[in-house]
Amino acid sequence: MSALLRESIIGQFIHAASKGRFLPYPEERRDFEIPSKFLQKRPLRASNNASIDTLVSEAPSRPQRVAVKKTLEIERNDTLVDETAGALSRTASKEKLPVSRTETLVGDLEKGKEEEKVAEEDVFLVGWYADDDQENPQNWSFRKKSVVTAAIMLLTFSVYIGSAIYSSSIPGVMEYFHVSQTKAILGLSLFVLGYGIGPMILSPLSEVPAIGRNPIYMATLFLFVILQIPAVTTSNYSVLMAMRFLTGFVGSPALATGGASLADIWAPMKMPYVIGLWSVGAVLGPVLGPVISGFAAMNAGWRWPLYELLMISGFALIVLSFILPETNAATILLKRAERLRKITGNNNLRSKSEIDQANTTTKDVLYEALVRPFQLALEPAVLFINVYIALAYSIFYLWFEAFPIVFGEIYGFNLGLQGLPFIGIAVGCFLAFAGYAAFQYYHVEPKFRRTGVLVPEERLQVALVASLFIPVSLLLFGWLSRPSVHWMGPIIAASLYIPGIFLLFQSCIVYLPMSYPLYAASLLAGNDLFRSSGGAAFPLFGHALFKTLGVGGGSSLLAGLSAIMIPILFFFYKKGAEIRKWSKYAQA
């Protein structure tokens, strides 16, 4: 596991401080034999029609000339799983997909960094030394992959819990700062809004090969921890709200890029299970937030839930500093090329990412990151999926307003006990994952092995089932929440909501990239912003909604809105393929 430590932040510091004597890379070991092709002064010439993709696959055995084109595209082979929740389709086989909104920043960031501009014909491609190269994240052992997956889950949990852990502080914030409930709830909404906006700016940097994922993760987690200190100690309401937004903003890469890190290391056939498991960890964050913070807020005041967040995120920062490695293959190869240039003195050595990004401009980056998601949002299927997931996600955050009313005012639970009903939702999350994994194993995988193809609309089958859980859960919760019904009734009803939102999210978030493979990353970024905006807004009027209409009436209204979505979802399931034929963005 020394390689795991070497790639961590602590390992990188030890490696740099010792100048490679401790935790060396293969190229830095004395017994390493430098491939002879890297010692040549000029590479062999390739035919004019040789593609970059062909040259990369052949790079370990023969240097080639590379025709560099100005492009925003990178290769995506046989599946879309690498950028989504594990779609098993070959619809994008050997096509060019756009950079994840982001892999295009390299050009500007590396300008000025290169001391010598290498001509096209003088480039040696640095790739993997062999098919079983252990530096390739796809070749890591199952044990190492499992450790990295657990690390990504810890990172996501430690940030995501920051939204709902604040909910137990709301009564104390109202009393301490003498503000209304809506202003106190703003601390929850601003955090959610922050991690909706953050990925539009921060996540692109993790796709820059010259930077990589790990530095972004660790730098933003460090800031996340540091910013908790003024949030905990302040006596000014405005400062508290500002810190809540900023912590959500800087913590967002963990939520937006975690799936991409997992796709870096797991094979496509394993991705549905891994992404599903990672999603469980993400859901458990806000679900367990009130469970962890309720008694602390009741007995020690409103600051203590934030102290708990500081301790959880601080613990994650320490652990991940030792065990979270770089997973982006482009970054790993770029650093390998840098080491080989230093060792051999051959400045012609380049990784594919350095070549691909040579002519990218800041304008291109900003367009893909900030304009493309909104263009795609006007597509009928994209607009519907964004609205549906945003609605389900927003209702999820309304539970944090409904539970105090139901279990505090109706059943007489104190502040600490009010968080315990969320355990029922956590149980529902595990059951939903088990059902999803069974569906993948017994239905999706066998069909894919037989045909080799999955039509995008087939991914909506799970969503159709999930869509029934949401209105049923809301109706049962609303009308079982009364003194004459045991408190277990609304808890069971609420737990039925999680299979709905969990399965809906897993299904739709795969359907969109399969339908629009050239714009997968922009779609996911837009969806993230869309649902986070709804999740930030709904809690602000949730208390008034349930007080005005009653828990039964308010829940019925939300159930009705959810039910309206079901026939529209069925329409896209039946007619989606025909609609895609008329789109200039979708793949028919």
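Not measured: the values here are computed from a predicted model.

Trainee: Whenever I open this one, a nonpolar patch on the surface confuses me. Can you help?
Mentor: A surface patch of nonpolar side chains, amounting to about 570 Å² of accessible area, comprises Phe295, Met298, Leu417, Leu420, Ile423, Val427 and Leu431. Broken down by secondary-structure element, the contributors of at least two residues to the nonpolar patch are α11 (271–300) and α17 (422–451). Considering every element that reaches the nonpolar patch, the biggest residue donor is α17, with 3 residues. Within the secondary structure layout, Val427 lies in helix α17.

Trainee: How should the pattern of salt bridges be read in this particular structure?
Mentor: Side chains that carry opposite charge are capable of pairing whenever their charged atoms lie near each other. Scanning the model with the defined rule gives 13 salt bridges in all. Notably, a salt bridge pairs Arg6 with Glu135, separated by 3.0 Å at the nearest N-O pair. Taken together, the residues span a long stretch of sequence, with Arg6 in helix α1 (residues 2–7) and Glu135 in the loop between β3 (124–126) and α5 (142–164) at a distance of 129 residues. Of the charged contacts, one joins Glu27 and Arg339 as a salt bridge, the two residues approaching to 3.1 Å between their closest N and O atoms. Residue Glu27 is found in the loop between α2 (9–17) and α3 (52–58), and its partner Arg339 is found in helix α13 (residues 329–344); the two are separated by 312 residues along the sequence. For the pair Glu27 and Arg339, a shared accessibility class is recorded, and that class is buried. Put simply, Glu27, Asp133, Arg336 and Arg339 are held in one network by salt bridges that share partners.

Trainee: What's the story with the nonpolar core in this structure? I'm lost.
Mentor: Most often, soluble globular proteins have nonpolar side chains that are buried together. In terms of nonpolar packing, the biggest core is built from 134 residues, with Phe396, Tyr397, Trp399, Phe477, Tyr497 and Phe502 touching the most fellow members. A per-element tally of this core places helix α16 (residues 380–410) first, with 20 residues. In this structure, Phe396 is in contact with Pro286, Val287, Tyr497, Ile498 and Ile501, ignoring residues within four places of it in sequence. In this structure, Phe124, Val126, Leu340 and Leu349 belong to the second largest nonpolar core, which totals 6 residues.

Trainee: Please clarify how the environment of Thr220 should be interpreted in this entry.
Mentor: Topologically, Thr220 is positioned in helix α9 (residues 213–233). Measuring from C-alpha to C-alpha, the distance between Thr220 and Thr247 comes to 9.0 Å, with 27 residues separating the pair along the chain. Residues contacting Thr220, with those up to four places away along its chain left out, are Leu202, Val250 and Pro253.

Trainee: I keep staring at α11 and nothing clicks. Help me out?
Mentor: In this model α11 runs 43 Å from its N-terminal to its C-terminal C-alpha over 30 residues, within 8% of the 44 Å that 1.5 Å per residue would give. In α11, a bend of some 40° at Leu288 exceeds every other bend along the element, and Pro290, a proline, comes one to four places later. Along α11, 22 of the 30 residues are buried, which leaves the element largely enclosed by surrounding structure. Directly after α11, the chain includes Gly301, whose backbone phi takes a positive value near 105°.

Trainee: What is the right way to read the side chain of Arg336 from this model?
Mentor: Position of Arg336 relative to the elements: it lies in helix α13. Residue Arg336 is classed as buried on the basis of its relative accessible area of 1%. At a separation of 2.9 Å, a polar atom in the side chain of Arg336 contacts the side chain of Asp133. Setting aside residues up to four positions removed in sequence, Arg336 forms contacts with Glu27, Val126, Gly127, Trp128, Tyr129, Asp133 and Glu135.

Trainee: Mind showing me how you'd approach unusual backbone geometry here?
Mentor: Keep in mind that most residues, glycine aside, have a negative phi and that most peptide bonds are trans. The residue Leu23 is not glycine, and still its phi comes out positive at about 50°. Along the chain, Leu23 turns up in the loop between α2 and α3. Unlike most non-glycine residues, His178 shows phi in positive territory, near 55°. The topology assignment puts His178 in the loop between α6 (170–177) and α7 (181–201).

Trainee: Help me understand the environment of Ile265 in this model?
Mentor: Residue placement: Ile265 occurs in helix α10 (residues 237–265). Sequence spacing of Ile265 and Thr327 is 62 residues, and the spatial spacing of their C-alpha atoms is 6.8 Å. Contact partners of Ile265, with chain neighbours within four places excluded, come to Pro137, Gln138, Trp140, Lys145, Val148, Thr149 and Thr327.

Trainee: Even after reading the chapter, I still don't get the packing of α9 against helix α12 (residues 303–323), so can you show me in this structure?
Mentor: Helix packing geometry: the angle between the two helix axes and the distance between the axes. Interhelical geometry of α9 versus α12 gives an angle of 155° and a closest axis separation of 9 Å. With respect to each other, α9 and α12 are oriented roughly antiparallel. Here α9 and α12 pass one another in a crossing that is left-handed. The residues of α12 that touch α9, namely those facing Met218, Leu221, Phe222, Phe224, Val225, Gln228, Ile229, Ala231, Val232 and Thr233, are Arg303, Leu306, Tyr307, Leu309, Leu310, Ser313, Gly314, Ala316, Leu317, Leu320 and Ser321. Of the residues in the contact of α9 with α12, the class split is 15 nonpolar, 5 polar and 1 charged.

Trainee: How should helix α18 (residues 460–480) be read in this particular structure?
Mentor: In an α-helix, one turn spans 3.6 residues; hence positions three or four apart end up facing the same way. Under the 1.5 Å per step criterion, the end-to-end length of α18 is 31 Å for 21 residues, consistent within 8% with the ideal 30 Å. Of the positions making up α18, those classed as buried are Leu460, Val462, Ala463, Leu464, Ala466, Ser467, Ile470, Pro471, Ser473, Leu474, Phe477 and Gly478.

Trainee: I tried to follow the packing of aromatic side chains on my own but got confused; where do I start?
Mentor: Each pair of aromatic rings is reported with the distance of its centres and the angle of its planes. On inspection of all chains with the given rule, the structure shows 32 aromatic pairs. Ring centres 5.7 Å apart and planes at 75° place the aromatic pair Trp399 and Phe403 in the edge-to-face group. On the criterion of helical spacing, the pair formed by Trp399 and Phe403 is a turn pair, its members being 4 residues apart in helix α16. Between Phe403 and Phe407, the ring centres sit 5.1 Å apart and the planes meet at 65°, which makes this aromatic pair edge-to-face. On the criterion of helical spacing, the pair formed by Phe403 and Phe407 is a turn pair, its members being 4 residues apart in helix α16. Residue classification places Phe403 among the buried residues on the basis of a relative accessible area of 1%.

Parameters and conventions
- Just so you know, the residues in each chain are numbered from 1, in the order the chain's sequence is written.
- In keeping with the model being predicted, local features are shown solely for residues with a pLDDT of at least 70 and side-chain atom pairs are shown and tallied solely at 80 or more, while totals for entire chains, interfaces and linings include all residues.
- Excluding hydrogens and water, the side-chain figures rest on all heavy atoms present in the structure.
- Patch definition: residues above 30% relative accessible area lacking any salt bridge, with like charges linked at up to 9 Å and the nonpolar side chains Val, Leu, Ile, Met, Phe, Trp and Tyr linked at up to 5 Å.
- With residues, only the protein chains shown are counted as cover, and all accessible areas are computed by Shrake-Rupley using a 1.4 Å probe.
- For this document, the term salt bridge refers to a Lys or Arg side-chain nitrogen within 4 Å of an Asp or Glu carboxyl oxygen.
- Secondary structure counts use DSSP, requiring at least four H or I residues in a row for a helix and at least two E residues in a row for a strand, with both numbered from the N terminus.
- Burial classes follow relative accessibility: with a 1.4 Å probe on protein chains only, a residue under 20% of its type's maximum area counts as buried, one over 50% as exposed, and anything between as partly exposed.
- We define the nonpolar core as a collection of buried residues of types Ala, Val, Leu, Ile, Met, Phe, Trp, Tyr and Cys that are connected through side-chain atoms lying within 4.5 Å of one another.
- Here, residues are in contact when the closest pair of their heavy atoms is within 4.5 Å.
- To estimate the expected span of a helix, count its residues, drop one, and scale the result by 1.5 Å.
- A residue's bend is the angle separating two fitted axes: one through the seven residues that end there, the other through the seven that start there.
- What qualifies as a polar contact is a pair of N or O atoms within 3.5 Å, subject to a donor-acceptor requirement within protein and to the restriction that residues adjacent in sequence count only when both atoms come from side chains.
- In this analysis, axes come from line fits to C-alpha atoms, helices being fitted only over the stretch in contact, and the angle between any two N-to-C directions falls in the range 0 to 180 degrees.
- Oblique is the label for any angle not under 35 degrees, not over 145, and not in the 65 to 115 range, which are roughly parallel, roughly antiparallel and roughly perpendicular in turn.
- By convention, the crossing between two helices is left-handed when the near helix turns anticlockwise from the far helix through less than a right angle, and right-handed when the turn is clockwise.
- All amino acids are sorted into three groups, where Ala, Val, Leu, Ile, Met, Phe, Trp, Tyr, Cys and Pro are nonpolar, Asp, Glu, Lys and Arg are charged, and the leftover types, Gly among them, are polar.
- Pairing of aromatic rings covers Phe, Tyr and Trp, the last through its six-membered ring, and needs centres within 6.5 Å; plane angles under 30 degrees mean stacked, over 60 mean edge-to-face, and all others mean tilted.

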